[in-house]
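Survey of secondary and tertiary structure
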Amino acid sequence: MLFPDYRPRRMRQNRTFRRMIRETELLAADMILPLFAVEGNGIREPIESMPGQFHYSVDRMAEIAGQAAHAGIPAVILFGVPDRKDALGTRAYADDGIVQKATRTIKDAHPELAVITDVCLCQYTEHGHCGVVEGDIVDNDATLDLLARTALSHARAGADMVAPSDMMDGRVTEIREALDENGYTHTPIMAYSAKYCSAYYGPFRDAADSAPKFGDRRTYQMDPANAMEAIREVTLDVEEGADVIMVKPALAYLDVICRVREEFDLPVAAYNVSGEYAMIKAADKMGWLDGSRVMMETLTAIKRAGADMILTYFALEAADILNK
Ligand code: PBG
Ligand code: ZN
């Protein structure tokens, strides 16, 4: 049926009709809030490159986690900023490591809030790469055991889910085995499956002090030009036992989210990364756009593309709007 018989504007003429035909509705329950844990006491330090985000010491972590829980956000994902680094990233898998301590504290205070832990080495290695470095090469196989130890120590600290973000080949198998052998058969793995080598991670690397000291991450993270390769990467993670598959970043990769959603029947997560957050905050501050509307539009678009879960620094701000 064509104009003038069919008029799409009929169903847009008022708020009620618009609500009735809305295809995608963002919920607080869709979002996961990333948090940065630092050593020390009484710390709630603003992160310059990410306005509105903070570094929290463990003793102040429960308060922000409580805000998330109260707003109906089901989960947080923890990133640790350790006070010392070494070649093998030993503070990543230490029982008294920063993520391990923060996990215990949050689970004590808010047992109903899921704690997901980011599993990687880049914040913990002095060279800033996500794996063990031999010469100038990131050694895939030598890294696997350290990632598995990290995931296991997070599970022991009470993590509800572990999320490897390193992009080493075979890490999901290795982590699944380590968890199962130690009785954590019920701890799911959220795999950063299609993680691109992206300049959108810039603000995060300042926040987490995790920029590589030499070279870049192109030998392990994906080329932004590739989409079929994302399907291959996700296929591998699914076969290795991933429970949730992730595409990262989100906004410049909505096509990848959409394809992954169509090809797989597992829950799909998308990471609305630090640079996506910082761009909106910066333009809002300049008065160049309405940050809060762009935030809601962006998050809705990520869900519309096919994401079941959105990791986003906007989680609290967006949940506040949704809960009004
Ligand atoms: C690294 C890691 C990155 C992010 C989280 N963990 C990217 C990177 O430094 O390569 C980025 C998150 C963000 O930008 O918000 N394991
Ligand atoms: Zn890393």
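In the block above lies the structure referred to throughout.
Report follows, based on the coordinates. (Residues numbered from 1 in each chain as written. Chains lettered and ligands numbered in written order. Predicted model: local features only at pLDDT ≥ 70, side-chain atom pairs only at ≥ 80, totals over all residues. Heavy atoms only, no water.)

Regarding the overall build of the protein
In terms of regular secondary structure, the protein is built from 11 helices and 12 strands. Here the C-alpha radius of gyration of the protein, 20 Å, is about what a compact globule of 324 residues would show, namely 20 Å. Within the protein, the proportion of its 324 residues that are buried is 54%. Entry remark: accessible area of the protein is about 15000 Å², with carbon and sulfur atoms responsible for 50%. For the protein, the separation between the mean place of its 35 positive charges and that of its 50 negative charges on side chains is 10 Å. (Helix = DSSP H or I, 4+ residues; strand = E, 2+ residues; numbered from the N terminus. Rg over C-alpha atoms; globule rule 2.2 N^0.38 Å. Buried < 20%, exposed > 50% of the residue type's maximum accessible area, 1.4 Å probe, protein only. Areas by Shrake-Rupley, 256 points an atom, 1.4 Å probe, with all protein chains shown as cover. Lys, Arg positive; Asp, Glu negative; His and termini not counted. Charge placed at Lys NZ, Arg CZ, Asp CG, Glu CD.)

Topic: the site of ligand 1
Near ligand 1 you find 16 residues, and of these Arg 205, Gln 221, Lys 248, Ser 274 and Tyr 313 are the closest. A distance of 2.8 Å separates an oxygen atom of ligand 1 from a polar atom in the side chain of Arg 205. In isolation ligand 1 has 400 Å² of accessible area, and contact with the protein removes 100% of it. Its residues assigned to classes, the shell around ligand 1 comprises nine nonpolar, three polar and four charged. (Near = heavy atom within 4 Å. Polar contact = N/O pair within 3.5 Å; in protein donor to acceptor, adjacent residues only side chain to side chain. Nonpolar A, V, L, I, M, F, W, Y, C, P; charged D, E, K, R; others polar.)

Concerning the coordination of the zinc ion (ligand 2)
Those protein atoms acting as donors to the zinc ion (ligand 2) are Cys 120 (SG), Cys 122 (SG) and Cys 130 (SG), and they sit at 2.2 to 2.3 Å. Around the zinc ion (ligand 2), the four donor atoms sit at angles spanning 95 to 126°, and that spread fits a shape best called tetrahedral. All donors to the zinc ion (ligand 2) come from one chain, and their sequence spacing reads C-x1-C-x7-C. Look at Cys 122 and you get buried, because its relative accessible area is 7%. (Donors = N, O, S within 2.8 Å, 3.2 Å for Na, K, Ca; no water. Tetrahedral: all angles 85-135°; square planar, octahedral: opposite > 155°, others 65-115°.)

Points about the environment of Leu 2
Looking at the element boundaries, Leu 2 is found in the segment before α1 (15-20). Given the relative accessible area of 68%, Leu 2 is considered exposed. Sequence spacing of Leu 2 and Ser 165 is 163 residues, and the spatial spacing of their C-alpha atoms is 49 Å.

With respect to a positive patch on the surface
A contiguous patch of positive charge on the surface is contributed by Arg 7, Arg 9, Arg 10 and Arg 12. Examined against the element boundaries, Arg 9 turns out to sit in the segment before α1. Judged by its relative accessible area of 67%, Arg 9 falls in the exposed class. (Patch = residues over 30% accessible without salt bridge, like charges linked within 9 Å, V, L, I, M, F, W, Y side chains within 5 Å. Salt bridge = Lys/Arg side-chain N within 4 Å of Asp/Glu carboxyl O.)

As for unusual backbone geometry
With an omega dihedral of 10°, the bond running from Phe 3 to Pro 4 counts as a cis peptide bond. Tracing the backbone shows Pro 4 in the segment before α1. Positive phi is not limited to glycine here, since Met 167 has a value of about 70°. Within the secondary structure, Met 167 sits in the loop between β8 (161-164) and α5 (171-181). Despite not being glycine, Asp 209 shows a phi value in the positive range, around 50°.

Focus on the side chain of Thr 312
Structurally, Thr 312 is set in strand β12 (residues 309-312). Within the structure, Thr 312 has its side chain in polar contact with the side chain of Asn 272 (distance 2.7 Å).

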